[in-house]
Amino acid sequence: ETGVTQSPTHLIKTRGQQVTLRCSSQSGHNTVSWYQQALGQGPQFIFQYYREEENGRGNFPPRFSGLQFPNYSSELNVNALELDDSALYLCASTRTGGSYNEQFFGPGTRLTVL
Amino acid sequence: AQRVTQPEKLLSVFKGAPVELKCNYSYSGSPELFWYVQYSRQRLQLLLRHISRESIKGFTADLNKGETSFHLKKPFAQEEDSAMYYCALYHSGYALNFGKGTSLLVTP
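First things first, this report covers the structure right here in the doc. (Residues numbered from 1 in each chain as written. Chains lettered and ligands numbered in written order. Predicted model: local features only at pLDDT ≥ 70, side-chain atom pairs only at ≥ 80, totals over all residues. Heavy atoms only, no water.)

All right, on to the sheet that holds strand β8 (residues 72–74) of chain B then. Hydrogen bonds between backbone groups are what pair the strands of a sheet, and the pairing can be parallel or antiparallel. Residue and element names in this part refer to chain B. One open sheet holds the 3 strands; their spatial order is β3-β8-β7, and the pairing between them is antiparallel. Here the strands that pair on one side only, and so sit at the sheet edges, are β3 (19–21) and β7 (60–61). Two strands pair when backbone bridges link them, and β3 and β8 are joined in this way by 3 bridges, in the antiparallel orientation. Its bridge partner lying in β8, V19 is registered against K74. (Pairing = 2+ DSSP bridges. Helix = DSSP H or I, 4+ residues; strand = E, 2+ residues; numbered from the N terminus.)

This part covers the nonpolar core. Judged by nonpolar contacts, the single largest core of 24 residues is most densely connected at L21(B), W35(B), L72(B) and Y85(B). Elements represented by at least two residues in this core include exactly β2 (10–14), β3, β5 (32–38), β6 (45–49), β9 (83–91) and β11 (102–107) of chain B. Counting residues per element, this core draws most heavily on β9(B), at 4 residues. Contact partners of Y85(B), with chain neighbours within four places excluded, come to Q6(B), L21(B), W35(B), Y36(B), V37(B), L47(B), F59(B), L72(B), G101(B), T102(B) and L104(B). One finds F47(A), F64(A), L76(A) and A87(A) within the second-largest nonpolar core, a separate group that totals 19 residues. (Core = buried A, V, L, I, M, F, W, Y, C linked by side-chain atoms within 4.5 Å. Buried < 20%, exposed > 50% of the residue type's maximum accessible area, 1.4 Å probe, protein only. Contact = heavy atoms within 4.5 Å.)

Here the structure, examined in full by the defined rule, presents 12 aromatic pairs over all chains. Judged by centre distance (5.7 Å) and plane angle (85 degrees), the ring pair of Y35(A) and F98(B) falls under edge-to-face. Of the two residues, Y35(A) sits in strand β4 (residues 31–37) while F98(B) sits in strand β10 (residues 95–98), which places them in two different chains. Residue classification places F98(B) among the buried positions, given a relative accessible area of 10%. A centroid spacing of 5.6 Å and a plane angle of 50 degrees characterise the contact between F59(B) and Y85(B), whose relative ring orientation is tilted. Taken together, the residues span a long stretch of sequence, with F59(B) in the loop between β6 and β7 and Y85(B) in strand β9 at a distance of 26 residues. Exposure remark for F59(B): the relative accessible area of 1% places this residue in the buried category. Feature note: the residues Y35(A), F45(A), F105(A), Y36(B), Y86(B), Y94(B) and F98(B) constitute an aromatic cluster, connected by ring pairs. (Phe/Tyr/Trp six-rings, centres within 6.5 Å; stacked < 30°, edge-to-face > 60°.)

So, on to the state of the cysteines. Enumeration over the complete set of coordinates arrives at 2 disulfides over all chains. Between the sulfur atoms of C23(A) and its disulfide mate C91(A) the distance is 1.7 Å. The sign of the -50 degrees torsion about the S-S bond sets the C23(A)-C91(A) disulfide as left-handed. Residue C23(A) is located in strand β3 (residues 19–24), and its partner C91(A) is located in strand β9 (residues 87–94); the two are separated by 68 residues in the primary sequence. A relative accessible area of 0% means that C91(A) is categorised as buried. With a sulfur-sulfur separation of 2.0 Å, C23(B) is cross-linked through a disulfide to C87(B). Handedness of the C23(B)-C87(B) disulfide follows from its S-S torsion of about -65 degrees: it is left-handed. Pair noted here: C23(B) is in the loop between β3 and β4 (24–26) and C87(B) is in strand β9, with a separation of 64 residues, a long-range link. Judged by relative accessible area, C23(B) falls into the buried class, the value being 0%. (Disulfide = S-S within 2.5 Å.)

Just distances and angles here, no functional claims.
What follows is the structure, given as structure tokens:
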């Protein structure tokens, strides 16, 4: 069973640029959630994708957007990067159906905005 | 609004001592609460959830709706328990709300 993978591991961008982060869900999982973890903070929910559509969203502006593909992998796109976007971005996958199913987390992508 | 509070940033205990990591929540509905753990250089992983009421690695957590708490406890801490612990509230059918985390350090 392959776990959740994310790419790239690290990324450095400058303010105003755009970035795309990628996530491959765990085998058998159909739902992907994205979280932002700033230094010294807990992960904050950005949004979730299920059946290639946004299933729910946290308190993040529209410049944070995402995609889910037929193979359940996902992308997180951030436009017009700001310094405060510097954080660890975590992807988590689960299988939706019935009651809560455990979310399995990837190792994260560390984004630095200069 | 849903909120999870972990009042301690850092908790340091000696090996063999009891451990209690505090978690308080605010939520208008029926809460689903979890503890996640992140060991050094490892990814975030589920430790336990209140519904299962099981003990994992000697840790237990009881949901106290009156005090809106979900404290994590272990009677005898081990060095390998040193890690970052996050309390999380599941809501709206899709989102996990995490606390800021408590770093547990168990010294010999």
